[in-house]
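A closer look at the structure
Below are the chains, spelled out letter by letter.
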Amino acid sequence: MIVTSDALLKKHLYDSDFMWALAHTKPVSEVRADEYAGMAFVGGGAAIVGIPENKPLQDIALRIYEQQGGVIAGICHGTEGIKNLKLSDGTFLIQGKVLTSFPDAFLNKESPVYKAYPFSAEASIKRHGGIFRHGANGKSHVEVDGRLVTGMSWESSVGVAESMIRLFQQ
């Protein structure tokens, strides 16, 4: 179901150029890391299930971060896309860095989604050596640690994008 009552969603939904771009997204095999200054992993089911083990995507992210000196970002459960990134020295990218994602404190463990996917982004970050912080439920909360930018939830999307832009401009 597509929600058209939200002005921003409606604007993009009826933007033929935007919709064309979505329909003609490059396959991962055609993406060249040297053409990008940053990469953002956005939350959702695929961020938990398919992205963390997707070697081609992981390789692109590592090349952007290490070889390009680029920015890596994660929004909400999109942090799962960066949790397995290992730097050339063998350490996890997130090790010792401050991150945020959707916290356990706000999980509804009675929801059908949680029962189908009993998953903790917070535990995942901590397991790979990240330092987890979060803000208030329903509010934007962004953490920037070096060239790593993370947002707690969808409400943090604009803040993550703005933080990435500031880093690009430095």
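Refer to the structure printed above.
Residues numbered from 1 in each chain as written. Predicted model: local features only at pLDDT ≥ 70, side-chain atom pairs only at ≥ 80, totals over all residues. Heavy atoms only, no water.

Some remarks on the overall build of the protein chain
The secondary structure content of the protein chain amounts to eight helices and six strands. The order of α-helices and β-strands along the protein chain, N terminus first, is α-α-β-α-α-β-α-β-α-α-β-β-β-α. Viewed in the frame of its principal axes, the protein chain has a C-alpha envelope of about 50 × 40 × 30 Å. Across the 170 residues that make up the protein chain, the buried fraction comes to 38%. Counted over contacts in the protein chain with a minimum sequence separation of 6, partners at least 24 positions apart contribute 62%. Distance between charge centroids for the protein chain: 3 Å, based on 17 positive and 18 negative side chains. (Helix = DSSP H or I, 4+ residues; strand = E, 2+ residues; numbered from the N terminus. Buried < 20%, exposed > 50% of the residue type's maximum accessible area, 1.4 Å probe, protein only. Contact = heavy atoms within 4.5 Å. Lys, Arg positive; Asp, Glu negative; His and termini not counted. Charge placed at Lys NZ, Arg CZ, Asp CG, Glu CD.)

With respect to the nonpolar core
Counting 20 residues, the largest nonpolar core has M39, F41, I72, I82, L85, L93 and L148 as the members making the most contacts within it. Elements with a minimum of two residues in this core: strand 1 (38–42) and helix 4 (55–67). Top element by residues in this core is helix 4. It accounts for six residues. (Core = buried A, V, L, I, M, F, W, Y, C linked by side-chain atoms within 4.5 Å.)

Observations regarding the sheet that holds strand 2 (residues 71–75)
Reading across from one edge, 1-2-6-5 is the order of the four strands in this open sheet, with mixed pairing throughout. The open sheet has two edge strands, strand 1 and strand 5 (142–145), and neither has a second partner. The sheet shows a mean angle of 10° between the axes of neighbouring strands, direction not considered. With five bridges joining them, strand 1 and strand 2 adopt parallel strand pairing. Bridge assignment links A40 to a residue of strand 2, and that residue is A73. (Pairing = 2+ DSSP bridges. Axes fitted to C-alpha atoms, helices over the stretch in contact; angles between N-to-C directions.)

Section: the packing of aromatic side chains
Applying the stated rule across the entire model yields one aromatic pair. Relative to F106, the ring of F102 has its centre 6.3 Å away and its plane inclined at 65°; by these criteria the two rings are edge-to-face. Under the relative-accessibility criterion, F102 is labelled buried at 18%. Across from the ring centre of F92, 4.9 Å away, lies the NZ or CZ of K86, which sits over that ring. Directly above the ring of Y65 sits R147, whose terminal nitrogen or CZ lies 4.0 Å from the centroid. (Phe/Tyr/Trp six-rings, centres within 6.5 Å; stacked < 30°, edge-to-face > 60°. Lys NZ or Arg CZ within 6 Å of the ring centre and 35° of its normal.)

Re the environment of H141
On the secondary structure map, H141 appears in the loop between strand 4 (131–132) and strand 5. H141 sits 15 residues away from S156 along the chain, and the two C-alpha atoms are 5.7 Å apart. Side-chain polar atoms of H141 contact the side chain of E143, separated by 2.8 Å. (Polar contact = N/O pair within 3.5 Å; in protein donor to acceptor, adjacent residues only side chain to side chain.)

Concerning the pairing of strand 5
Here four bridges tie strand 5 to strand 6 (residues 148–151), and the two strands are oriented antiparallel to one another. The partner of V142 across the bridge, within strand 6, is G151.

Looking at unusual backbone geometry
Phi angles above zero are rare outside glycine, and C76 is one such case at about 55°. Following the sequence through the fold, C76 ends up in the loop between strand 2 and helix 5 (80–83). Residue classification places C76 among the buried residues on the basis of a relative accessible area of 17%.

Purely geometric numbers; function is a separate question.
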